[in-house]
Amino acid sequence: MDNLYIPPTPSSPEVDFKFDENTLSLRGESYPENAAAFFGDILRQLEAYLGACDGRKITVSIALAYFNSSSTKMLFNLVGLLSDAAEAGNEVVLNWFHDEEDDTIFEFGQELKDDFTAIQFVNHAVKSA
């Protein structure tokens, strides 16, 4: 399966899914005009990749400085797919990066941790620049 790389824009995150290395990364900000359209193909490719995983360790890094409500739904869908993969016997580690002073993104990460218990969730507070 080909890796997936989408460069960042002012309103959409960098997507760097190195399927061959079992590392997935989202970085930047996410408030695309149509989040379902932006994330649709990403979720389809992720689902295909995860469907072929059998007992792998998958490392995910999410470092979003901002995301809107429609991106929130897409993030839930993405993490849901990862949770399904973890429940199927894969080891999924989710590194959640947030500004140490951003309670909203921290709390969303905690909600993901509470909702998707099959995933190993690692919180990373980053000092403000």
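Everything discussed here concerns the structure shown above.
A brief structural summary.

1. Concerning the environment of D54
For step 1, the next point in the chain: Counting through the fold element by element, D54 comes out in the loop between α1 (35-51) and β4 (57-67).
For step 2, the next point in the chain: Sequence-wise, D54 and A88 are 34 residues apart; in three dimensions their C-alpha atoms are separated by 7.9 Å.

2. Describing the sheet that holds strand β5 (residues 91-99)
For step 1, the next point in the chain: Taken together, six strands build an open sheet; the order of strands is β1-β2-β3-β4-β5-β6 and the sheet is mixed. The open sheet is flanked by β1 (4-6) and β6 (120-126), the only strands paired with a single partner. Put simply, the sheet's adjacent strands are angled 10° from each other on average, direction ignored.
For step 2, the next point in the chain: Along the sheet, helix α2 (residues 69-87) makes contact with β2 (14-18), β3 (23-30), β4 and β5, crossing β4 at roughly 170°.

3. Notes on the nonpolar core
For step 1, the next point in the chain: By size, the foremost hydrophobic cluster in this structure holds 37 residues, and its most contacted members are F17, L24, L46, L50, L78 and L82.
For step 2, the next point in the chain: Listing elements by their share of this core, those giving two or more residues are β2, β3, α1, β4, α2, β5 and α3 (103-115).

4. Remarks on α3
For step 1, the next point in the chain: Its 13 residues place the ends of α3 18 Å apart at the C-alpha level, agreeing with the 18 Å of an ideal helix rising 1.5 Å per residue.
For step 2, the next point in the chain: If you follow the buried residues of α3, they end up packed against β4, α2, β5 and β6.
For step 3, the next point in the chain: For α3, the N-terminal capping position is held by D102, with its side-chain oxygen 3.1 Å away from the main-chain nitrogen of T104.

5. As for the packing of aromatic side chains
For step 1, the next point in the chain: Enumeration over the complete set of coordinates arrives at 10 aromatic pairs.
For step 2, the next point in the chain: Ring plane angle 70° and centroid distance 5.9 Å describe the contact between F17 and F19, whose orientation is recorded as edge-to-face.
For step 3, the next point in the chain: Residue F19 is classed as buried on the basis of its relative accessible area of 4%.
For step 4, the next point in the chain: In textbook terms, an aromatic cluster arises when at least three aromatic residues are bridged by ring pairs, as seen for F67, F76, W96, F108, F116 and F121.
For step 5, the next point in the chain: Over the face of the ring belonging to F97 we find R27, whose NZ or CZ atom lies 5.9 Å from the ring centre.

6. Examining the environment of P32
For step 1, the next point in the chain: Checked against the element boundaries, P32 lands in the loop between β3 and α1.
For step 2, the next point in the chain: Residue classification places P32 among the buried residues on the basis of a relative accessible area of 9%.
For step 3, the next point in the chain: Separated by 23 residues in sequence, P32 and T9 have C-alpha atoms that sit 9.1 Å apart.
For step 4, the next point in the chain: If we skip the residues at most four places from it in the chain, P32 touches S11, F38, N68 and S71.

The rules behind each value
- Residues numbered from 1 in each chain as written.
- Predicted model: local features only at pLDDT ≥ 70, side-chain atom pairs only at ≥ 80, totals over all residues.
- Heavy atoms only, no water.
- Helix = DSSP H or I, 4+ residues; strand = E, 2+ residues; numbered from the N terminus.
- Pairing = 2+ DSSP bridges.
- Axes fitted to C-alpha atoms, helices over the stretch in contact; angles between N-to-C directions.
- Contact = heavy atoms within 4.5 Å.
- Core = buried A, V, L, I, M, F, W, Y, C linked by side-chain atoms within 4.5 Å.
- Buried < 20%, exposed > 50% of the residue type's maximum accessible area, 1.4 Å probe, protein only.
- Expected span 1.5 Å × (residues − 1).
- Polar contact = N/O pair within 3.5 Å; in protein donor to acceptor, adjacent residues only side chain to side chain.
- Phe/Tyr/Trp six-rings, centres within 6.5 Å; stacked < 30°, edge-to-face > 60°.
- Lys NZ or Arg CZ within 6 Å of the ring centre and 35° of its normal.

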